[in-house]
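Descriptive analysis of the structure
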Amino acid sequence: MAIPRRTRLPEVPLESGEFTEVVLRGRLTDPAGGGRLTAKAERFIGYRLGLSRWIVLTSRRLLVLAPFPREGDWFDVSWDRREVTASQGVKHGDVIRVQLATPSGPQVLRVSARIRPEVSRFIKALRR
């Protein structure tokens, strides 16, 4: 049985006065963590490997949705956006890598190069 793939962002609860600015489909990993081997393989091959998650930048937070969100358990990661900074994205084949500085330490966001305009909006929004 195949796992259903969501092509639309699920309805997620936001705080009052909070709105969505940028929505991406990608992967956020710690460069020294378990995803570093996959990241090296992606950089070498030039294509994304594995599953992606919804990355949502709101007016107040940066959110990474859980792979199968349930009521009350929507997000795997939630950071105040004022504490997150982004470097310029670097393209490797079909993958754009964006280095992020977060309260949990450095992170790497990897997304498809097909959504380059959204990645640019994401980087510019975090630099404001």
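The structure this text deals with has already been given above.
The sections below set out a description of the structure shown in this document.

Calculation rules
Residues numbered from 1 in each chain as written. Predicted model: local features only at pLDDT ≥ 70, side-chain atom pairs only at ≥ 80, totals over all residues. Heavy atoms only, no water. Helix = DSSP H or I, 4+ residues; strand = E, 2+ residues; numbered from the N terminus. Polar contact = N/O pair within 3.5 Å; in protein donor to acceptor, adjacent residues only side chain to side chain. Contact = heavy atoms within 4.5 Å. Phe/Tyr/Trp six-rings, centres within 6.5 Å; stacked < 30°, edge-to-face > 60°. Lys NZ or Arg CZ within 6 Å of the ring centre and 35° of its normal. Core = buried A, V, L, I, M, F, W, Y, C linked by side-chain atoms within 4.5 Å. Buried < 20%, exposed > 50% of the residue type's maximum accessible area, 1.4 Å probe, protein only. Expected span 1.5 Å × (residues − 1). Arc of directions from axis to C-beta.

Some remarks on the side chain of Arg97
Among the structural elements, Arg97 can be located in strand 7 (residues 95-102). A polar contact is formed between the side chain of Arg97 and the side chain of His92, at a distance of 3.5 Å. Non-local contacts of Arg97, meaning those with residues more than four positions away in its chain, are made with Arg43, Gln88, Gly89, Val90, His92, Val108, Leu109 and Arg110.

What to know about the packing of aromatic side chains
Applying the stated criterion across every chain, the model contains 0 aromatic pairs. The ring of Trp54 is capped by Arg25, whose NZ or CZ atom sits 4.8 Å from the centre of that ring.

Here we look at the nonpolar core
Ranked by size, the top nonpolar core spans 21 residues in total, and within it Leu24, Ile55, Leu62, Val98, Leu100, Leu109 and Phe122 carry the most contacts. When contributions to this core are tallied by element, the ones reaching two or more residues are strand 1 (20-29), strand 2 (53-58), strand 3 (61-70), strand 7, strand 8 (105-112) and helix 2 (116-127). A total of 5 residues in this core trace back to one element, the largest contributor, which is helix 2. When residues no more than four places from it in sequence are discounted, the contact partners of Leu62 are Ile55, Val56, Leu57, Val77, Ser78, Trp79, Arg81, Val84, Leu100 and Phe122.

Thoughts on the side chain of Ser112
Residue placement: Ser112 occurs in strand 8. Of note is the side chain of Ser112, whose polar atom sits 3.1 Å from the side chain of Arg114.

Here we look at helix 2
Since the α-helix advances by 3.6 residues per turn, residues separated by three or four positions end up pointing in the same direction. Here helix 2 spans 17 Å end to end across 12 residues, near enough to the 16 Å set by a 1.5 Å rise per residue. Within the sequence span of helix 2, burial applies to Val119, Phe122, Ile123, Ala125 and Leu126. For helix 2, the buried positions fall inside an angular range of 165 degrees around the axis, keeping them on one side. Exposed side chains of helix 2 directed beyond 90 degrees from the buried face belong to Pro117 and Lys124.

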